[in-house]
Structures are given as structure tokens and as C-alpha cells.
Amino acid sequence: VSAAPQDSPDVVVIGAGVIGLSIAWRAAQRGLRVLALDRGEPGGGTSRVAAGMLAPVAEATFGEQRLVEMKVRSAALWPVFAAELEAASGTSPGYLPVGTLYVGRDRDAAEALAREADFRRSLGLEIESLLPGEARRREPALAPSLRAALHLPTDHAVDPVALCAALAGAARDAGAELRSHTEVAELLVASGRVAGVRLAGGARIASPRVVVAAGAWAGELAGIPAEARVPVRPVKGQVLRLRDPAGPGLLTSVLRSEDVYVVPRGDGRYVLGASVEEKGFDTSISALATYELLRDAAEVLPGILELEIEAALAGLRPATPDNLPVIGPSAALEGLFNATGHYRNGVLLAPLTAEALAADLTSATNGVGHLSLQADPVEAR
Ligand code: GLY
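Please read these numbers as outputs of a predicted model, since none were measured by experiment.

### Some details on the site of the ligand
Inference 1: The environment of the ligand is formed by Met53, Glu59, Tyr261, Ala274, Arg317 and Arg344.
Inference 2: Within the side chain of Tyr261, a nitrogen or oxygen atom sits 2.6 Å from an oxygen atom of the ligand.
Inference 3: Within the backbone of Arg344, an N or O atom sits 2.8 Å from a nitrogen atom of the ligand.
Inference 4: Notes on the ligand: free accessible area 200 Å², of which the protein chains cover 88%.
Inference 5: Grouping the constituent residues of the shell around the ligand by class yields 3 nonpolar, no polar and 3 charged.

The following block contains the structure:
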């Protein structure tokens with residue numbers, strides 16, 4: 001039996017959201033002694049607010065081909081990731097391979113949708129154009145006034161709350177230690193390389209490798225030298241958790257319009273999202289965002305107004321200047337690994353991020369150099 005991770009972890013992971021937990025699981029599976037720290041509960045921060053869209057096609061953005069490639073690669077990993085996780089943890093991560101309908105509610109939106117479809121087809125992404133009547137045959141609750149629809153057969157969904165619970169279980173079973181309510185005050189650097197972390201209570205944990213998976217807070221962590229700091233900022237997103245007292249059936253696929261998305265959980269629960277707001281670390285719930293979400297959703301799915309509101313939540317997406325995540329060993333500080341900046345795609349990119357980081361960490365442990373998903377990390381550009 002190897003020593004408990006807390007005695008001498010091979011790697012400390014800061015942040016036990018969907019990214020940190022996925023890395024902790026994959027790294028522990030490879031035999032590393034992993035200690036993952038979260039200042040709240042595992043999965044209790046931004047991951048808890050995420051709707052869980054696995055949307056490489058719906059969220060493809062012009063000028064971001066490299067990011068689209070990453071999303072497509074990670075989407076392809078999802079079925080096996082989910083199945084392996086369920087087997088390892090004994091709990092379902094709530095993976096729903098249901099496809100997405102992207103709808104346009106008026107003539108302008110239909111024209112915009114046609115352009116969006118052309119762009120995605122030019123990237124080789126799978127898209128099916130549907131007549132509005134065909135979309136309504138698939139999803140009878142859609143508004144009769146819709147003008148256009150696309151079916152995105154490869155864009156699915158997962159329940160991030162169930163996902164994080166499964167990841168925490170699998171990570172622990174694989175030997176990782178997860179410590180809740182443990183805030184890192186500072187990264188420790190000695191002799192020009194990572195030496196560990198100092199906790200808010202003053203305790204020090206020595207470790208030769210630290211993974212910063214702190215999402216929107218990654219840029220705030222003390223102790224990181226300026227040249228190794230990743231430029232991450234919070235972009236607020238407000239969502240509503242809704243529940244149909246009549247049970248499942250209102251909507252089977254993920255639904256998306258220009259303005260909003262509705263993600264079904266398959267059991268009568270839905271997440272409606274999301275605002276996109278540059279408001280720093282503010283997570284207040286505003287009447288305006290709540291109103292706009294419901295107004296825009298009701299235009300494409302009128303029955304949404306029959307649902308009960310279970311919760312209104314706000315999360316902070318970790319955004320970088322070029323919207324690309326920063327994944328891999330820091331070019332500026334030995335022993336520092338980044339896994340942040342996932343912006344709108346953290347849940348989708350979790351499998352790819354975790355596999356890349358676990359490979360990087362294992363290579364670093366073996367002293368045989370680094371593999372990195374990102375050939376030129378953001379800080380080096
Ligand atoms: N990917 C959905 C969002 O960030 O709102």
C-alpha cells in the first residue's frame with residue numbers, strides 16, 4: 001500500500017470542479033498520488049451551475065477552428081468517458097446522447113441559421129437541415145411559428161452535478177484524496193520551481209507538481225510569478241433550473257436558439273441558460289436576466305412557462321483573451337501545470353483535458369519530457 005497522498009502527493013490539484021476532478025481521477029488511475037483541494041465542496045462552484053451541454057457543433061464559433069477541433073476530439077471521447085466513469089463510480093453521470101435542435105424563430109434568425117449551417121458544414125461538422133414541420137414532429141412542444149431548424153446529431157448533454165459526484169467517487173476509488181473547504185493561499189516556489197502550496201490556515205503541503213484547475217479564479221492565485229500567470233477573467237452566466245411537475249416529455253433533445261438553450265435531464269428537469277455578462281466576480285441573480293431567459297425561451301418553447309423554477313444560479317466561466325483553454329505544463333515555471341480557461345466548454349473538454357494532463361503529469365514524473373495538448377501555451381505566445 002502506497003503512502004497516503006497527503007503525506008507526499010506527487011501532484012496537488014487546486015480546484016475540484018469538473019476539470020480538477022477529471023484530472024484527479026485520470027492521474028490517480030495512472031498511479032500518481034493525487035491530492036485535490038477545493039475551497040468549497042467538490043463540484044460546488046461553477047460546475048454546479050453549468051448546464052452540461054456537450055456542444056462542439058452548436059458552440060462552434062467563426063475564427064475559432066482550433067478550439068472547434070479540440071471540442072470535436074473531446075466530444076468523441078465522451079461516450080467511453082461516461083461509461084468508464086459509471087463503471088468506476090457505480091453512479092450515473094447523467095450522460096444523455098440526445099442530439100440538439102438549433103432553431104430560428106423568425107426570418108432573420110432563419111437566415112442567420114443558414115449562415116451558421118454553412119460555416120459548420122465547411123468545417124466538416126455533421127448538420128441536418130430540417131423543415132420547421134419536421135422539427136415539430138420530433139419535438140411537438142416547439143412553437144408553431146418557428147422558421148427554421150437544424151439537427152445537430154453529435155451535440156449531447158450530461159448532468160454536471162451527477163457528473164461531479166461520479167468523478168469524486170471514481171477519483172477517491174482510484175486513490176486520490178479530495179479535501180473540501182480547503183483554500184489555497186499561495187503557490188510555493190523554491191529554487192525556481194514549484195515546491196507545493198500554502199493553505200489559508202497556514203499549513204504547507206510539499207509537492208513537486210501543482211495543477212491549477214481553479215477556473216475563473218486561476219488568475220488570482222498568489223505566489224505565481226507574473227510570467228507564469230494565465231490571463232483568465234470571469235464571464236458571468238445566469239441559468240434557471242426548471243422542473244415539470246407533469247414529469248418528462250416536454251423536450252427530449254437539447255434545444256438552442258440564437259439567444260438561449262434548454263437542456264433536458266431526461267426526468268422532467270431542465271436547465272435554461274444563459275446570460276453572458278462581464279461583471280467580474282459578481283454572482284448575484286438579476287431580475288432582468290431571469291426575465292430575458294424566460295422570454296426568449298418561451299418564444300421557441302412556449303410550454304416552458306408551465307414549469308416550476310427550482311433555482312436561479314449564476315456561475316463564472318473562465319475566459320481567456322482568445323477563448324482557448326490553457327492546458328498543460330507551464331512554459332515559465334517548472335512543476336506548474338495549467339488546466340483552465342475553458343470558458344463555455346469546460347464540461348465538454350473535461351475528458352480531453354484530463355487525458356492530456358494525466359499524460360503530462362506522468363511524463364513529468366518519469367522525467368521523460370512533456371506531452372502537451374497545447375503546443376504553444378498561452379503564456380508563451
Ligand atoms: N456552454 C454554455 C454556456 O457557457 O453558457
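Next comes the rest of the account.
### With respect to the nonpolar core
Across soluble globular proteins, nonpolar side chains have a tendency to be buried as a group.
Inference 1: Grouped together as the largest cluster of nonpolar side chains are 48 residues, with contacts concentrated most on Ile23, Val34, Trp78, Leu163, Val211 and Leu361.
Inference 2: Within the residue set of this core, elements represented by two or more residues are β1 (11-14), α1 (18-29), β2 (34-37), α3 (65-89), α6 (160-173), β19 (336-340) and α8 (346-366).
Inference 3: In terms of residue count, α8 provides more of this core than any other element does, 9 residues in total.
Inference 4: Val68, Ala110, Ala117 and Ala148 belong to the second-largest nonpolar core, a separate cluster that totals 26 residues.

### Let's talk about helix α4 (residues 107-122)
Inference 1: For α4, built from 16 residues, the straight-helix expectation of 22 Å at 1.5 Å per residue is met to within 8% by its first-to-last C-alpha distance of 23 Å.
Inference 2: Those residues of α4 not exposed but buried are Ala109, Ala110, Ala112, Leu113, Ala117, Phe119 and Arg120.
Inference 3: For α4, the secondary structure elements touched by its buried residues are α3, β4 (100-104) and β6 (148-152).
Inference 4: Regarding α4, its N-cap is Asp106, as a side-chain oxygen of that residue lies 3.3 Å from the backbone nitrogen of Asp108 further along.
Inference 5: After α4 finishes, the residue Gly124 shows a positive phi value of roughly 80 degrees.

### Some points on helix α7 (residues 287-300)
Inference 1: Look at α7: 21 Å from first C-alpha to last across 14 residues, which is about the 20 Å you get at 1.5 Å a residue.
Inference 2: Inspection of α7 places Ala289, Thr290, Leu293, Leu294, Asp296, Ala297, Ala298 and Val300 among the buried residues, and these make up the whole buried set.

### Examining the environment of Pro351
Inference 1: Within the element layout of this structure, Pro351 appears in helix α8.
Inference 2: The buried category is assigned to Pro351, whose relative accessible area is 0%.
Inference 3: When the C-alpha atoms of Pro351 and Leu37 are compared, they prove to be 20 Å apart, with 314 residues separating the residues in sequence.
Inference 4: In contact with Pro351, not counting residues within four places along its chain, are Ser74, Leu77, Trp78 and Phe81.

### Quick look at the pattern of salt bridges
Inference 1: Taken as a whole and judged by the stated rule, the model has 24 salt bridges.
Inference 2: Of the charged contacts, one joins Arg233 and Glu278 as a salt bridge, the two residues approaching to 2.8 Å between their closest N and O atoms. Taken together, the residues span a long stretch of sequence, with Arg233 in strand β13 (residues 233-243) and Glu278 in the loop between β16 (269-273) and α7 at a distance of 45 residues.
Inference 3: Of the residues examined, Arg233 reaches a relative accessible area of 32% and is grouped as partly exposed.
Inference 4: Classification of Glu278 as exposed rests on a relative accessible area of 54%.
Inference 5: What emerges from the salt-bridge pattern is a single network uniting Arg105, Asp106, Asp259 and Glu299.

### Quick look at the side chain of Arg120
Inference 1: Turning to its location among the elements, Arg120 is positioned in helix α4.
Inference 2: Of the polar contacts made by the side chain of Arg120, one reaches the backbone oxygen of Val57; its length is 2.5 Å.
Inference 3: A polar contact is formed between the side chain of Arg120 and the side chain of Glu116, at a distance of 2.4 Å.
Inference 4: Among residues more than four places away in sequence, those in contact with Arg120 are Val57, Ala58, Glu59, Ala60, Tyr102, Leu125 and Ile127.

### Section: unusual backbone geometry
Inference 1: Residues Gly273 and Ala274 are joined by a peptide bond in cis, for which omega reads -15 degrees.
Inference 2: Looking at the secondary structure, you find Ala274 in the loop between β16 and α7.
Inference 3: Phi at His181 is positive, roughly 50 degrees, even though this residue is not glycine.
Inference 4: You can see His181 is positioned in the loop between β8 (177-179) and β9 (184-190).
Inference 5: Owing to a relative accessible area of 56%, His181 belongs among the exposed residues under this scheme.

### A look at the sheet that holds β19
Inference 1: Taking strand neighbours across the sheet as the criterion, the 6 strands line up as β8-β2-β1-β12-β19-β18 in an open arrangement whose pairing is mixed. In this open sheet, the two edge strands, each paired with only one partner strand, are β8 and β18 (326-329). Direction aside, the axes of adjacent strands within the sheet are offset by 20 degrees on average.
Inference 2: By the bridge criterion, 3 bridges tie β2 to β8 in an arrangement that is parallel. Bridge pairing in β8 places Ala36 opposite Leu178.
Inference 3: Each of β1, β2, β8, β12 (210-212) and β19 is contacted by α1, which is oriented at about 170 degrees to β2, the strand it contacts most.

The rules behind the values
- Residues numbered from 1 in each chain as written.
- Predicted model: local features only at pLDDT ≥ 70, side-chain atom pairs only at ≥ 80, totals over all residues.
- Heavy atoms only, no water.
- Near = heavy atom within 4 Å.
- Polar contact = N/O pair within 3.5 Å; in protein donor to acceptor, adjacent residues only side chain to side chain.
- Areas by Shrake-Rupley, 256 points an atom, 1.4 Å probe, with all protein chains shown as cover.
- Nonpolar A, V, L, I, M, F, W, Y, C, P; charged D, E, K, R; others polar.
- Core = buried A, V, L, I, M, F, W, Y, C linked by side-chain atoms within 4.5 Å.
- Buried < 20%, exposed > 50% of the residue type's maximum accessible area, 1.4 Å probe, protein only.
- Helix = DSSP H or I, 4+ residues; strand = E, 2+ residues; numbered from the N terminus.
- Expected span 1.5 Å × (residues − 1).
- Contact = heavy atoms within 4.5 Å.
- Salt bridge = Lys/Arg side-chain N within 4 Å of Asp/Glu carboxyl O.
- Pairing = 2+ DSSP bridges.
- Axes fitted to C-alpha atoms, helices over the stretch in contact; angles between N-to-C directions.

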